[in-house]
Amino acid sequence: MINNEYIKDVIWAIEDLKKLDKFYEKEFERTKDTSFSLKKDQIEKYLFDYEEMVDKIESSIELRLYKYLNKGYRATKAVEKVAEENYFNDIEPSSVRRVWEHYKKLQRILKTAVK
């Protein structure tokens, strides 16, 4: 089982990289300075690497939910998908209600990452 601090660190790092990516995109659009475009490319590579890491270590329910949310799933669909995966893999919790509890925990992590 992955500890909560590790989960927070991974999610916060990804969220910070997303903010940097948007910043460099806007700065490139504003200035047309190619150095911003190069930095944006680097940030996107880091984001890709983090997303691959999440795929490999997705034993945390929060990380799995986060992965689906980043892929564009709505919260309800992400929760249902994780619950279904847990059910088929005989992993607890496998009920939608219990996975929602983990979603709430993820939301608390994301709120603190935004600050």
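Cut-off values and rules
- Residues numbered from 1 in each chain as written.
- Predicted model: local features only at pLDDT ≥ 70, side-chain atom pairs only at ≥ 80, totals over all residues.
- Heavy atoms only, no water.
- Helix = DSSP H or I, 4+ residues; strand = E, 2+ residues; numbered from the N terminus.
- pLDDT = per-residue confidence, 0-100.
- Phe/Tyr/Trp six-rings, centres within 6.5 Å; stacked < 30°, edge-to-face > 60°.
- Buried < 20%, exposed > 50% of the residue type's maximum accessible area, 1.4 Å probe, protein only.
- Core = buried A, V, L, I, M, F, W, Y, C linked by side-chain atoms within 4.5 Å.
- Contact = heavy atoms within 4.5 Å.
- Salt bridge = Lys/Arg side-chain N within 4 Å of Asp/Glu carboxyl O.

### With respect to the environment of L106
Tracing the chain through its elements places L106 in helix α5 (residues 96-114). A sequence separation of 43 residues divides L106 from L63, and the C-alpha atoms of the two residues are 8.2 Å apart.

### Quick look at the confidence of the model for the protein chain
Interpreting fine coordinate detail is not advised for predicted regions of low pLDDT. Within the protein chain, residue pLDDT values average 89, and 95% of them lie at 70 or more. Ranking the helices and strands of the protein chain by mean pLDDT puts helix α4 (residues 75-88) first, with 95, and helix α2 (residues 34-56) last, with 89.

### Section: the packing of aromatic side chains
One pass over the structure, following the stated rule, counts five aromatic pairs. Measuring from ring centre to ring centre gives 5.5 Å for Y87 and F88, while their planes differ by 70 degrees; the resulting arrangement is edge-to-face. On the basis of relative accessibility, which here comes to 63%, the residue F88 falls in the exposed class. Their ring planes at 85 degrees and their centres at 5.1 Å tell us that W100 and Y103 sit as a pair that is edge-to-face. Taken as a pair, W100 and Y103 lie in helix α5 at a separation of three residues, close to a single helical turn.

### Quick word on the nonpolar core
I11, L65 and V99 are the most contacted members of the largest nonpolar core, which totals 25 residues. The set of elements that each furnish at least two residues to this core consists of α1 (4-31), α2, α3 (61-70), α4 and α5. Ranked by residue count, the leading element in this core is α1, at six residues. Sequence-distant contacts of V99, that is, excluding residues within four places in its chain, are made with I61, L65, V79, V82, A83, N86 and P93.

### Here we look at the pattern of salt bridges
It is possible for side chains of opposite charge to pair when their charged atoms get near one another. What the rule picks out here adds up to eleven salt bridges. We note a salt bridge from R30 to E27, for which the minimum N-O separation is 2.5 Å. Here R30 pairs with E27, and both are found in helix α1, just three residues apart, close to one helical turn. In this structure, the salt-bridge partner of E101 is R97, at a minimum N-O distance of 3.3 Å. Of this pair, E101 and R97 both sit in helix α5, four residues apart, which is roughly one turn of that helix. According to the relative accessible area criterion, E101 is partly exposed, its value standing at 40%.

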